[in-house]
Amino acid sequence: MTVPSGRRERKKAATRQKIADTALRLFMERGYDAVGIREVAAEADVAVTTLFSHFASKEALVFEQDQNFEQRLTQAVTERAPHEPLIPALRREILALVRHCTADGAAPVWRMIDASPALREYEESMRLRHAESLASAIAADPGLSQTTTACRTIARFAIDAFSLAREAADPEGAVDEIFRMIEAAWGAALPARG
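Residues numbered from 1 in each chain as written. Predicted model: local features only at pLDDT ≥ 70, side-chain atom pairs only at ≥ 80, totals over all residues. Heavy atoms only, no water.

A.B. asks: Before we move on, can you summarise the overall build of the protein chain with the specific residues and values?
C.D. replies: A tally of helices and strands in the protein chain yields ten helices and zero strands. Helices and strands in the protein chain line up, N terminus first, as α-α-α-α-α-α-α-α-α-α. Expressed along its principal axes, the backbone C-alpha trace of the protein chain runs to roughly 65 × 40 × 25 Å. Counting only residues that meet the buried cut, the protein chain has 43% of its 194 residues in that class. For the protein chain, the share of sequence-separated contacts (at least 6 apart) that also reach a separation of at least 24 residues comes to 68%. On the protein chain, roughly 11000 Å² of surface is accessible, and the fraction owed to carbon and sulfur atoms is 53%. (Helix = DSSP H or I, 4+ residues; strand = E, 2+ residues; numbered from the N terminus. Buried < 20%, exposed > 50% of the residue type's maximum accessible area, 1.4 Å probe, protein only. Contact = heavy atoms within 4.5 Å. Areas by Shrake-Rupley, 256 points an atom, 1.4 Å probe, with all protein chains shown as cover.)

A.B. asks: Before we move on, can you summarise the environment of arginine 111 with the specific residues and values?
C.D. replies: Secondary-structure assignment places arginine 111 in helix H7 (residues 107-115). Along the sequence, arginine 111 and isoleucine 178 sit 67 residues apart, while their C-alpha atoms lie 23 Å from each other.

A.B. asks: I'd like a description of the nonpolar core, backed by residues and values.
C.D. replies: Grouped together as the largest cluster of nonpolar side chains are 58 residues, with contacts concentrated most on Phe27, Val40, Leu90, Leu134, Ile138 and Phe179. With near-sequence residues (within four places) excluded, valine 40 lies in contact with Ile19, Thr22, Ala23, Leu26, Phe27, Val35, Leu51 and Leu61. (Core = buried A, V, L, I, M, F, W, Y, C linked by side-chain atoms within 4.5 Å.)

A.B. asks: I'd like a description of the packing of helix H6 (residues 86-101) against helix H9 (residues 148-167), backed by residues and values.
C.D. replies: Remark: H6 packs on H9, axes separated minimally by 9 Å, with the N-to-C direction vectors making an angle of 30°. Between H6 and H9, the angle falls in the class roughly parallel. By crossing handedness, the relation of H6 to H9 is classed as right-handed. Residues Ile87, Leu90, Ile94, Leu97, Val98 and Cys101 of H6 form the contact with H9, whose participating residues are Ile154, Ala158, Ala161, Phe162, Ala165 and Arg166. (Axes fitted to C-alpha atoms, helices over the stretch in contact; angles between N-to-C directions. Parallel < 35°, antiparallel > 145°, perpendicular 65-115°, else oblique. Left-handed = near helix turned anticlockwise from the far one by under 90°.)

A.B. asks: Tell me about the packing of aromatic side chains, residues and numbers included.
C.D. replies: Between two aromatic rings, the relevant description is the distance of the centres plus the angle of the planes. Scanning the entire structure with this criterion turns up four aromatic pairs. Taken together, a centroid distance of 4.9 Å and an interplanar angle of 65° make the contact between phenylalanine 27 and tyrosine 32 edge-to-face. As far as burial versus exposure is concerned, phenylalanine 27 and tyrosine 32 are alike and both buried. Connected via pairs of aromatic rings, a cluster forms that spans Phe69, Trp110 and Phe162. Of note, lysine 58 hangs over the ring of tyrosine 32, and the distance from its end group to the ring centre comes to 4.3 Å. The side chain of arginine 166 reaches across the aromatic face of tryptophan 110, ending 3.5 Å from its centre. (Phe/Tyr/Trp six-rings, centres within 6.5 Å; stacked < 30°, edge-to-face > 60°. Lys NZ or Arg CZ within 6 Å of the ring centre and 35° of its normal.)

A.B. asks: Which residues make up the packing of helix H8 (residues 117-140) against H9, and what are the values?
C.D. replies: One way to put it is that H8 packs onto H9 with a least axis distance of 8 Å and a crossing angle of 135°. It follows that H8 is oblique to H9 by the angle criterion. As for the relative orientation of H8 and H9, their crossing is right-handed in sense. Between H8 and H9, the residues in contact are Glu123, Arg127, Leu128, His130, Ala131, Glu132, Leu134, Ala135, Ile138 and Ala139 and Cys151, Arg152, Ile154, Ala155, Arg156, Ala158, Ile159, Asp160, Ser163 and Arg166, respectively. Taken together, the residues of the contact of H8 with H9 sort by class into eleven nonpolar, two polar and seven charged. (Nonpolar A, V, L, I, M, F, W, Y, C, P; charged D, E, K, R; others polar.)

Below, the structure is given as structure tokens:
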């Protein structure tokens, strides 16, 4: 995530982070369903309208790094080194994201998400949005002459790789295993040469 440059942007970012941190603390202490938006706003010392100017819904409070996650995935495509193949760049970023989401302290948050139908549904819609954004980045790369279907398929595979690896007993081993299959699928989709 980029660091806000101006005073106003820094203040907005600090308010957003304070709201997200307060919400997560309350959710972890009392349970997601037991905490209302008004309680989060009051505890964070902001108006409910301020909370909603930073987060579109209660579920979004839990996934406050959503935009950063999506940005990192698309940048893995758009900012990779010249002539660097797509799949290794995606694998590297997914591995970094999996490491972050499986680090100490993350397990209770994921248990809360897994226990809540509303949060699971929100996560699924978020994953689909990330996959479409990633597919667009892949399709826009002039060095990757693939069909829209191939771009969307690989993007979905990469997003699902994150979820599957995060849930695996050996997350890093799962990333390796999954990306061997993704590499094979991408290779099969490459246009025939000459």
